[in-house]
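Remarks on the overall topology
Residues per chain, in single letters:
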Amino acid sequence: MTRKAIGVVVAIVVFGGLAGCGGDTTETASVSVSASASVSATEEQDAVLAQEARWLTAITAGDRDTIESILSPDFKHITSEGTLLGRDEEIASIVPVTFTMNATEQTVDIVGDTAVIHGVNTLTESGNVLARERFTDVFVKQNGTWMALSAQETAI
């Protein structure tokens, strides 16, 4: 892939809202859960990370229907370039991609019905690293389902 083509892919990632989504749910994550929680910290952590992984899979597949089911009505995304995207813009920008995203260094903090994931997302294609970004994704539990409320990336 040429540098220009990589730049286009990274632009799609940054402006298309792809880079902030994590996916490696096998990594150990920390969790902080309020004392009144009826579900164990591990179960909540697993549920949030599973939704994060589902989001990642949907993004790379260009699966707008699944993404619509994950993003809350008030979803906002700040890209690593500082662009603010609303839910509709985020969904409209989704197209299938050929690279993979691997989230590492994930930590999960849960307070009540709000979960915050911090991590590093590495985008690769054919063994080549296209981009690395530190991300923060915020989820809110609505009707028993963790919904993405906010995403933000910083290029590293």
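Residues numbered from 1 in each chain as written. Predicted model: local features only at pLDDT ≥ 70, side-chain atom pairs only at ≥ 80, totals over all residues. Heavy atoms only, no water.

Within an unreviewed UniProt entry, the label attached to the protein reads Nuclear transport factor 2 family protein, and the organism entered is Rhodococcus jostii.

The next point concerns the pattern of salt bridges. Summed over all chains, the structure comprises 2 salt bridges. Note that glutamate 44 is salt-bridged to lysine 141, the shortest N-O span being 2.9 Å. Residue glutamate 44 is found in helix α2 (residues 41-61), and its partner lysine 141 is found in strand β5 (residues 128-142); the two are separated by 97 residues along the sequence. (Salt bridge = Lys/Arg side-chain N within 4 Å of Asp/Glu carboxyl O. Helix = DSSP H or I, 4+ residues; strand = E, 2+ residues; numbered from the N terminus.)

For the rest of this paragraph, the subject is the nonpolar core. Ranked by internal contacts, the top residues of the largest apolar core, which has 28 residues, are Val48, Trp55, Ile67, Leu71, Ile117, Phe139 and Ala148. Within the residue set of this core, elements represented by two or more residues are α2, α3 (64-70), β1 (71-78), β3 (100-111), β4 (114-125), β5 and β6 (145-155). Among the elements that make up this core, the one with the highest residue count is α2 (6 residues). Contacts of valine 48, omitting those with residues within four sequence positions, involve Val108, Ile110, Ala115, Ile117, Phe139 and Trp146. (Core = buried A, V, L, I, M, F, W, Y, C linked by side-chain atoms within 4.5 Å. Buried < 20%, exposed > 50% of the residue type's maximum accessible area, 1.4 Å probe, protein only. Contact = heavy atoms within 4.5 Å.)

Here we come to the sheet that holds β5. Spatially, 6 strands are ordered β2-β1-β6-β5-β4-β3 in an open sheet, and the strand pairing comes out mixed. One side of each edge strand has no neighbouring strand; the edge strands of this open sheet are β2 (84-86) and β3. With strand direction ignored, the average angle separating the axes of adjacent strands in the sheet is 15°. The strands touched by α2 within the sheet are β1, β3, β4, β5 and β6, with β3 carrying the most contacts at an inclination of about 150°. (Pairing = 2+ DSSP bridges. Axes fitted to C-alpha atoms, helices over the stretch in contact; angles between N-to-C directions.)

Turning our attention to the packing of aromatic side chains. The tally for this structure, following the rule as stated, stands at 2 aromatic pairs. Ring geometry for tryptophan 55 and phenylalanine 75: centres 5.8 Å apart, planes at 80°, overall edge-to-face. Of the two residues, tryptophan 55 sits in helix α2 while phenylalanine 75 sits in strand β1, which places them 20 residues apart along the sequence. Residue classification places tryptophan 55 among the buried positions, given a relative accessible area of 1%. On the basis of relative accessibility, which here comes to 1%, the residue phenylalanine 75 falls in the buried class. Where tryptophan 55 meets phenylalanine 139, the ring centres are 5.9 Å apart and the plane angle is 90°; that geometry is what we call edge-to-face. Taken as a pair, tryptophan 55 in helix α2 and phenylalanine 139 in strand β5 lie far apart in primary sequence, 84 residues in all. Each member of the pair, tryptophan 55 as well as phenylalanine 139, carries the same accessibility label: buried. (Phe/Tyr/Trp six-rings, centres within 6.5 Å; stacked < 30°, edge-to-face > 60°.)

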